[in-house]
Amino acid sequence: MVASDTVYVSEFVDLIGPKTDMLGPVRDGGVLTTGTEPACYGPMITPEIRSGHTITRPVAVEGAAVGDGLVLKIKKIDITSKAAASGTETAREGSYVGDPFVAKKCPGCGKVNPNTVVKGIGKDAIRCADCDTPVSAFDVTNGYTMVFDDKRKVGVTVPKNVAENIARNAKEYSGVPAGFTCHSILLLALADTPAGIISRVSPMIGNFGTLPGVEMPSSHNAGDFGVFLVGAPHDHSITEADLALRSDSHMDIDTVGEGAIVIAPVKVDRAGIVVGDVHAMQGDGEISGHTTDVSAEVTAEVEVIKKLKNDGPLVIPKMEDLPPLAKLPSSNELEIARSVAKKYNLELQTEVAPFQVVGTGGDLNAATMNGLERMAQLCSMDINEVKNRVTITGGIEIGRLPGVVHITALVPMARLEQMGIAHLIKEQYGL
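Residues numbered from 1 in each chain as written. Predicted model: local features only at pLDDT ≥ 70, side-chain atom pairs only at ≥ 80, totals over all residues. Heavy atoms only, no water.

Enquirer: What is the right way to look at the overall build of the chain in this model?
Expert: Of the regular secondary structure elements, the chain holds nine helices and 22 strands. Taking 22 Å as the expected radius of gyration for a compact globule of 431 residues, we find that the chain reaches 22 Å, a close match to that expectation. Expressed as lengths along the three principal axes of its C-alpha atoms, the size of the chain is roughly 80 × 45 × 40 Å. The buried share among the 431 residues of the chain stands at 55%. Sequence-distant contacts, at least 24 apart, represent 78% of the contacts inside the chain between residues at least 6 apart. Total accessible area on the chain is roughly 17300 Å²; 51% of this is exposed by carbon and sulfur atoms. Averaging the locations of the 39 positively and 53 negatively charged side chains of the chain gives two centres separated by 2 Å. (Helix = DSSP H or I, 4+ residues; strand = E, 2+ residues; numbered from the N terminus. Rg over C-alpha atoms; globule rule 2.2 N^0.38 Å. Buried < 20%, exposed > 50% of the residue type's maximum accessible area, 1.4 Å probe, protein only. Contact = heavy atoms within 4.5 Å. Areas by Shrake-Rupley, 256 points an atom, 1.4 Å probe, with all protein chains shown as cover. Lys, Arg positive; Asp, Glu negative; His and termini not counted. Charge placed at Lys NZ, Arg CZ, Asp CG, Glu CD.)

Following this line, the structure appears as structure tokens:
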């Protein structure tokens, strides 16, 4: 097919992999615009969905081949939801097979991933279409409903009576696009957390990148959630070798917002861009397990970096989102450093720039080692040198517990030139 300058997506999928049908292709240098649905708690309480997420149908990219890097410049995130709901949860025994995010089971008739209908509001509103049993793989242990101002600048938690009114008008408040697939978590009228809590809206994309090299639920396309698929007792079981083919699009890194750049690994030919799980805000670590999932419109520009061979995502955040030690020295600091260099007759490394790598694994230690190894490989450095550079010129930040980190260090610009990404970093930071 002829590649397009712009591709718009309003279809959603739950399972992704090399055989997933793609839209497009979009040309190298083109633009992708997507609508997204609230895609974490919605899929979790919709048993038909075989994943803890839905994401947009993948978009093929002209000229992208396995081993390339795919640049995604986030130009716009516009929230269309008027309200969101979230909270902590526990899995319901007897309501799933091995994994409550993937293989939800009706406790009445025993069907796995049954079709469902909505009757009323509250925790029992979603029912099996075959036997009318209330069906959910999760109980929300402490939840909240949050409303946004018209310009989506601030969110405020609401009391039970307001949450119930929103639940009765869930579709309107959730602002879902055409083609939405999930029940709304707003239906549950969550209001355990006190009303009146204020939060700043800072939209970010939780699941953003490319297709993995093996079929898997879209929510598990990362090293931490992915481990639950290894040897699992359901239809989506994979092996350890399969898990290495993940593309880590499910990052939940709070700096992946408007103005940020993600360089995703290409694990299947034509890449397959996916977008989903947009959050109104999220603190580092997403400690409650979930946050304010919203419907949104996302626009991103696309660029192919040939033969980058990045095993996982790279992030080029906005300047203000860099760790303090990864920000280049000021002119005053440079003058002081030059005086020190003159005293000791040494040459300063001034041609450096921030470089950020994502690591994932079964826990934070495994994720950190994964990210350090990825940085060492890309920079052609000994891993111990990488550890030292991260310690004194960057830092390790938590994207999501239990196992997503983003690791930053100042590295020589010559290494970034060799990778073919220096132009992006220079553009982002005005170097």
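Enquirer: Explain the sheet that holds strand β13 (residues 198–200) to me, please; I cannot follow it from the model alone.
Expert: Whether parallel or antiparallel, the strands of a sheet pair through hydrogen bonds between backbone atoms. Taken in spatial order, the four strands make up an open sheet running β8-β11-β12-β13, and their pairing is antiparallel. Of all the strands in the sheet, just β8 (83–91) and β13 have a single pairing partner and so form its edges. In this sheet, adjacent strand axes meet at a mean angle of 30° when their direction is disregarded. Note: β8 against strand β11 (residues 138–148), nine bridges, orientation antiparallel. Bridge pairing in β11 links E89 to V140. (Pairing = 2+ DSSP bridges. Axes fitted to C-alpha atoms, helices over the stretch in contact; angles between N-to-C directions.)

Enquirer: Can you walk me through a nonpolar patch on the surface in this structure?
Expert: Judged by side-chain polarity, I336, V340, Y344 and L346 come together as a nonpolar surface patch covering roughly 400 Å² of accessible area. Considering the arrangement of structural elements, one finds V340 in helix α5 (residues 331–344). (Patch = residues over 30% accessible without salt bridge, like charges linked within 9 Å, V, L, I, M, F, W, Y side chains within 5 Å. Salt bridge = Lys/Arg side-chain N within 4 Å of Asp/Glu carboxyl O.)

Enquirer: How do you make sense of the packing of aromatic side chains when you look at a structure like this?
Expert: Describing an aromatic ring pair means giving the distance of the ring centres and the angle of the ring planes. What the rule picks out here adds up to two aromatic pairs. Taken together, a centroid distance of 5.0 Å and an interplanar angle of 55° make the contact between F101 and F138 tilted. Of the two residues, F101 is situated in the loop between β8 and β9 (116–118) and F138 in strand β11; the sequence distance between them amounts to 37 residues. F138 shares its class with F101; the two are buried. (Phe/Tyr/Trp six-rings, centres within 6.5 Å; stacked < 30°, edge-to-face > 60°.)

Enquirer: Any chance you could explain the nonpolar core here in plain terms?
Expert: The tendency in soluble globular proteins is for nonpolar side chains to be buried as a group. Among the nonpolar cores identified, the biggest contains 38 residues, and V61, L70, F148, I205, F208, V256 and I273 are the most heavily contacted of them. Counting residues per element, the ones that place at least two in this core are β1 (4–9), β4 (23–36), β6 (59–61), β7 (69–79), β11, β14 (204–210), β17 (271–279) and β18 (296–305). Filtering out sequence-adjacent residues up to four positions away, I273 remains in contact with V26, L32, R57, P58, V59, V61, L70, L72, G209 and V302. Membership of the second largest hydrophobic core comes to 32 residues, among which are I261, V390, I421 and I425. (Core = buried A, V, L, I, M, F, W, Y, C linked by side-chain atoms within 4.5 Å.)

Enquirer: How should the environment of A191 be read in this particular structure?
Expert: Mapped onto the fold, A191 is located in the loop between α3 (170–174) and β13. Residue classification places A191 among the partly exposed residues on the basis of a relative accessible area of 22%. Measuring from C-alpha to C-alpha, the distance between A191 and G87 comes to 9.4 Å, with 104 residues separating the pair along the chain. Not counting the four nearest positions on each side in its chain, A191 is found in contact with G143, Y144, V158, P159, K160 and A163.

Enquirer: Explain helix α9 (residues 422–429) to me, please; I cannot follow it from the model alone.
Expert: An α-helix turns once every 3.6 residues. As a result, residues three or four positions apart point the same way. Buried within α9 we find A422, L424, I425 and Y429. Relative to the axis of α9, the buried residues are bounded by an arc of 160° and lie together on one face. Among the structural elements, β7, β16 (261–265), β18, β19 (314–316), β20 (352–360) and α8 (413–419) are those in contact with the buried residues of α9. Taken from the residues just after α9, G430 is the one with a positive phi, measuring 65°. (Arc of directions from axis to C-beta.)

Enquirer: What is the right way to read the side chain of K267 from this model?
Expert: Mapped onto the elements, K267 comes out in the loop between β16 and β17. Assessed through its relative accessible area of 18%, K267 is described here as buried. Looking at K267, its side chain comes within polar contact range of the main-chain oxygen of R246, at 2.7 Å. (Polar contact = N/O pair within 3.5 Å; in protein donor to acceptor, adjacent residues only side chain to side chain.)

Enquirer: Could you clarify how one ought to interpret the pairing of β14 in this entry?
Expert: Along a regular strand, successive side chains alternate from one face of the sheet to the other. When you tally the buried positions in β14, you get seven out of seven residues, the bulk of the element. Note that β14 and β17 share six bridges and pair antiparallel. From the neighbouring strand, I205 faces β17, where its bridge partner is V278.

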